[in-house]
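Listed below are the residues making up each chain.
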Amino acid sequence: MLLGVNIDHVATLRNARGGTEPDVISATRICKICGVESITTHLREDRRHIKDEDVEAIRMLPRVRLNLEMAMTDEMQEIALRLRPHAVCIVPEKRQELTTEGGLDVEGQLERAIAFTKPLLEKNIEVSFFIDPDIHQISAVSKTGAPFIELHTGRYSEVFGTDEEEKAFNDLKGAAIFAQNFGLKVNAGHGLNYQNVKRMHEIPNLVELNIGHSIIARSIFVGLEQAVKEMKKLCEGV
């Protein structure tokens, strides 16, 4: 499996005091040196961590594959069409949430999702939808033209190590197989860490894991380069 690193919380730390430290561009370069597949940033409506100028600067870096997480809004579509990141992941967003709390309801707004996706695909931007492991949502995404889904692994991560782990994991595995039968490629992420990520190898043909918080948290103790390398090895099954 490939590894995409979400650097939002580098910006969270920077914004706590203002200024430029820690620098998200330096973090991006370290991740790239470590061989990660992509850099993920979530440009939220309230700009609580990543800022517009961060996204623009990362987009200009050579040989860096930018995955832009964003809400399904006109503002974000306009930004994506202007910057043309390598990929976008369309996520739900609530102002009061600390982090993304669940998958997007694509089925409930399918016409909007189809219309939103079309101009992005026309600009050769890879589109994925961040959804719960639910067959109805997967079926809906298959109608949008998006080539990818990203499965929300939050429930699995929450119950890892408990009696509920197996059901949550099997929900993910079954959803991935169901999506692949539709011709969709499958990524996964949210709440994955150095302990629970290992079971992702039991899910066939996962393309990429997008992981942020646990890597940035570990980097406080071992440095970002070491934290990324450790996670990359786990994703590669080394």
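One numbering rule holds for all chains: residues counted from 1, following each sequence as written. Only residues with pLDDT of at least 70 get local features here, since the model is predicted, and only at 80 or more are side-chain atom pairs given and counted; chain-wide, interface and lining totals rely on the full set of residues. Think of the side-chain values as coming from all heavy atoms in the structure, minus any hydrogens and water.

**Description of the packing of aromatic side chains**
Here comes step 1: Here is the rule: rings of Phe, Tyr and Trp (six-membered ring for Trp) pair when centre to centre is within 6.5 Å. Planes less than 30 degrees apart are stacked, more than 60 are edge-to-face, and the remainder are tilted. Within the structure shown, the criterion is met by 3 aromatic pairs.
Here comes step 2: A ring pair is formed by Tyr156 and Phe169, whose centres lie 6.0 Å apart and whose planes are at 55°; its orientation type is tilted. With a gap of 13 residues between them, Tyr156 in helix α7 (residues 154-159) and Phe169 in helix α8 (residues 165-181) connect regions that are remote in the sequence.
Here comes step 3: Each residue is placed in one exposure class: buried if its accessible area under a 1.4 Å probe, protein chains only, is under 20% of its type's maximum, exposed if it is over 50%, and partly exposed if it falls in between. Of the residues examined, Tyr156 reaches a relative accessible area of 1% and is grouped as buried.
Here comes step 4: Relative to Phe182, the ring of Phe178 has its centre 5.1 Å away and its plane inclined at 70°; by these criteria the two rings are edge-to-face.
Here comes step 5: You can call Phe178 partly exposed: its relative accessible area is 26%. Helix and strand labels come from DSSP, where a helix needs a run of H or I of at least four residues and a strand needs a run of E of at least two; each type is numbered from the N terminus.

**Overview of unusual backbone geometry**
Here comes step 1: Cis peptide bonds are those with omega within 30 degrees of zero, and the linkage from Glu21 to Pro22 qualifies with -5°.
Here comes step 2: Structurally, Pro22 is set in the loop between α1 (8-17) and α2 (24-33).
Here comes step 3: The residue Arg84 is not glycine, and still its phi comes out positive at about 50°.
Here comes step 4: In this fold, Arg84 is placed in the loop between α4 (74-83) and β4 (87-90).
Here comes step 5: Residue Arg84 is classed as partly exposed on the basis of its relative accessible area, which comes to 38%.
Here comes step 6: The phi dihedral of Asn124 is positive, around 60°, even though this residue is not glycine.
Here comes step 7: Position of Asn124 relative to the elements: it lies in the loop between α5 (110-122) and β5 (126-131).

Shape is all these values report; function is a separate question.
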